[in-house]
Amino acid sequence: MILTDEDTHVLREAAPEAEALGRLAPAQLKLIERHDWFRLLAPRSLGGAQLPLPQAVRLEEAIAEADGSCGWVVTLCAGAGWFAAFLPPTLAREVVATPGMCLAGSGAATGVAEREGDGWRIAGRWAHATGAPHASHFTFAAVLHEGGQPLRDASGAPSVRAFIVPAAGVQVLPTWAAIGLRASASHAFEIRDLVVPDIHAFDIAPATATQPGALYRFPFDALACVTLAANLGGMARGFLRLATPLVLERPVGPSRQPLGARLQVRAQLQSSAQQLEGARGRCLELLDAAWNQVERDGGRIDEKPLRDAALAWARTAREAVDGVYPLCGLAAADPRTDLNRAWRDLHTATQHAMLL
């Protein structure tokens with residue numbers, strides 16, 4: 001599965017409209033539906049694509065390069081679709097078969113699930129759910145309670161589980177006002193006194209997967225880090241694609257000589273691009289090796305090298321962009337330009353907690 005030139009054109013052309021709308025544009029949603037990107041990581045046996053992770057990461061990077069908001073929504077919503085492999089099969093099949101399936105949500109345990117009979121009574125508020133206006137279901141973490149008291153795990157910490165509920169039981173709160181990723185519509189959401197059966201609670205760990213395949217044996221934290229880093233890498237590529245010709249041709253000084261005539265300017269452009277591609281290559285090489293190991297023997301991998309490489313890719317993306325931004329002139333500071341939107345999108349994405 002690759003991003004075609006036609007797909008790229010559609011995403012880029014619709015990006016200003018999406019930003020103005022504060023959510024993905026109709027043309028982008030139509031493209032997502034045609035390619036079924038929200039089911040990118042959902043199990044094949046349930047109707048998903050179950051794309052090998054290295055392929056999914058490269059696709060998400062390409063989408064983010066075309067438009068940061070669309071890349072962010074596809075990545076986080078498809079990532080939530082990965083959770084279908086950890087649900088009871090009957091519920092998972094129902095979720096994945098939902099017309100317009102799109103899972104939004106939050107991993108922050110800012111809600112409470114009170115034991116009620118064979119189910120749970122849920123209440124809480126979660127700060128950010130990317131793609132909230134498009135969601136058919138919401139996933140979230142909640143602290144478990146029974147008899148009004150928090151349940152404890154073996155270490156004595158509060159017990160937390162993930163839940164999934166239909167969007168009809170959720171109130172989306174229009175809170176998203178960041179400078180970038182405006183079309184990601186990463187709004188807050190609230191649940192008030194919703195009772196769900198126990199099958200709507202699930203755990204995310206290779207041992208709890210209800211579907212086969214290397215994709216669902218891959219450690220979640222490593223998967224999340226590398227997909228987020230790919231988005232920042234894609235956004236940085238998009239910024240440099242727009243910035244490079246602008247910088248090279250920008251006339252400055254009394255002579256109005258283009259900046260590209262200056263050796264140090266060309267060196268900065270080359271250095272930023274090379275450093276970005278180097279960090280990308282190192283991360284993808286480790287991802288490919290980790291994926292092959294999980295596919296081959298199903299055993300655990302050493303997550304740390306891959307997570308470190310993903311964080312380095314994300315950090316290098318920011319540094320590459322910030323190294324070139326001062327050379328761009330006021331066009332880079334104009335919020336009406338594609339270049340400024342790319343800059344804002346990347347710097348907003350860097351604030352995700354998993355990229356600290």
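1. Some thoughts on helix α7 (residues 263-297)
Item 1. Compared with an ideal rise of 1.5 Å per residue, which puts 35 residues at 51 Å, α7 spans 51 Å between its outermost C-alpha atoms and is within 8% of the ideal.
Item 2. Burial in α7 covers these residues: V265, L269, S272, L276, A279, R280, C283, L284, L287, A290, W291 and V294.
Item 3. Against the buried residues of α7 lie α3 (53-66), α6 (220-249) and α8 (303-324).

2. Remarks on the packing of helix α4 (residues 68-81) against α6
Item 1. Across the interface, α4 lies against α6 with an axial gap of 10 Å and an inter-helix angle of 170°. Relative to α6, α4 is oriented roughly antiparallel. Seen from α4, the contacting residues are G68, G71, W72, T75 and L76; seen from α6, they are T227, L228, N231, L232 and M235.
Item 2. When the residues that make up the contact of α4 with α6 are grouped by side-chain class, the tally is 5 nonpolar, 5 polar and no charged.

3. Quick look at the pairing of strand β7 (residues 187-197)
Item 1. Looking at chain direction, strand β2 (residues 119-129) and β7 are connected through 8 bridges and run antiparallel. Residue pairing across strands places R121 opposite V195, the latter belonging to β7.
Item 2. One ladder, built from 3 bridges, connects strand β6 (residues 171-173) with β7; its direction is antiparallel. Bridge assignment links V172 to a residue of β7, and that residue is F189.

4. Some points on the packing of α3 against α4
Item 1. Between α3 and α4, the least distance of the axes is 5 Å, while the angle of their chain directions is 150°. In terms of orientation, α3 lies roughly antiparallel with respect to α4. Across the interface between the two elements, E60, I63, A64 and A66 from α3 touch G68, C70, G71, V74 and T75 from α4.
Item 2. Among the residues making up the contact of α3 with α4, the classes are represented as 5 nonpolar, 3 polar and 1 charged.

5. Observations regarding unusual backbone geometry
Item 1. Even without glycine at this site, A185 takes up a positive phi of about 45°.
Item 2. Looking at the secondary structure, you find A185 in the loop between β6 and β7.
Item 3. Of note in the backbone geometry, R256 takes a positive phi value of approximately 55° without being a glycine.
Item 4. Mapped onto the elements of the fold, R256 is located in the loop between β9 (251-252) and β10 (257-258).

6. Description of the pattern of salt bridges
Item 1. As enumerated under the stated definition, the model contains 16 salt bridges in all.
Item 2. Across the pair D288 and R58 runs a salt bridge whose closest N-O atoms are separated by 3.0 Å. With D288 in helix α7 and R58 in helix α3, this pair connects stretches of sequence that are 230 residues apart.
Item 3. Two residues, R280 and E61, come together in a salt bridge whose shortest N-O distance is 2.7 Å. Highlighted residues: R280 in helix α7 and E61 in helix α3, separated in sequence by 219 residues. In this pair, the class of R280 matches that of E61, namely buried.
Item 4. Through salt bridges with shared partners, a single ionic network connects E61, R237, E277 and R280.

7. Thoughts on the layout of surface pockets
Item 1. Approximately 1200 Å³ is the volume attributed to the largest pocket.
Item 2. Lining the largest pocket are 45 residues, with G105, S106, G107, H352 and M354 sitting closest to its centre.
Item 3. Every element with two or more residues in the lining of the largest pocket is listed here: α4, β1 (103-116), β2, β3 (137-146), β5 (160-166), α6 and α9 (338-349).
Item 4. Taken together, the residues that form the lining of the largest pocket break down as 29 nonpolar, 14 polar and 2 charged.
Item 5. Its boundaries defined by the atoms lining it, the second largest pocket holds a volume of some 190 Å³.
Item 6. Broken down by secondary-structure element, the contributors of at least two residues to the lining of the second largest pocket are α1 (5-21), α3, α6 and α9.
Item 7. Its residues placed into classes, the lining of the second largest pocket shows 5 nonpolar, 2 polar and 8 charged.

8. Focus on helix α2 (residues 26-35)
Item 1. What α2 keeps buried is the set Q28, L31 and I32. For α2, the arc enclosing every buried residue in end-on projection is 100°, short of the 170-degree limit, so these residues lie on one face. For α2, the exposed residues set more than 90 degrees away from the buried face come down to P26, K30, E33 and R34.
Item 2. In this structure, the buried side of α2 is in contact with α1 and α4.
Item 3. Taken from the residues just after α2, D36 is the one with a positive phi, measuring 60°.

9. Some thoughts on the nonpolar core
Item 1. Counting 95 residues, the largest nonpolar core has W37, F218 and F239 as its most contacted members.
Item 2. Ignoring sequence-local partners within four residues, the contact set of F239 consists of V321, V324, Y325, C328, L339, A342 and W343.
Item 3. In terms of nonpolar packing, the next biggest core, distinct from the first, is built from 19 residues, A104, A113, I122 and V165 among them.

10. Details of the side chain of R280
Item 1. R280 gets classed as buried once you look at its relative accessible area, which sits at 18%.
Item 2. Once residues within four sequence positions are removed from consideration, R280 is found in contact with E61, R237 and W313.

Cut-off values and rules
Residues numbered from 1 in each chain as written. Predicted model: local features only at pLDDT ≥ 70, side-chain atom pairs only at ≥ 80, totals over all residues. Heavy atoms only, no water. Helix = DSSP H or I, 4+ residues; strand = E, 2+ residues; numbered from the N terminus. Expected span 1.5 Å × (residues − 1). Buried < 20%, exposed > 50% of the residue type's maximum accessible area, 1.4 Å probe, protein only. Contact = heavy atoms within 4.5 Å. Axes fitted to C-alpha atoms, helices over the stretch in contact; angles between N-to-C directions. Parallel < 35°, antiparallel > 145°, perpendicular 65-115°, else oblique. Nonpolar A, V, L, I, M, F, W, Y, C, P; charged D, E, K, R; others polar. Pairing = 2+ DSSP bridges. Salt bridge = Lys/Arg side-chain N within 4 Å of Asp/Glu carboxyl O. 1 Å grid on protein atoms, 1.4 Å probe; cavity = no way out; pocket = protein on both sides within 12 Å on 5 of 7 lines; lining within 4 Å. Points joined across faces, edges and corners; volume = space filled by probe spheres on them. Arc of directions from axis to C-beta. Core = buried A, V, L, I, M, F, W, Y, C linked by side-chain atoms within 4.5 Å.

In short, geometric facts, not functional conclusions.
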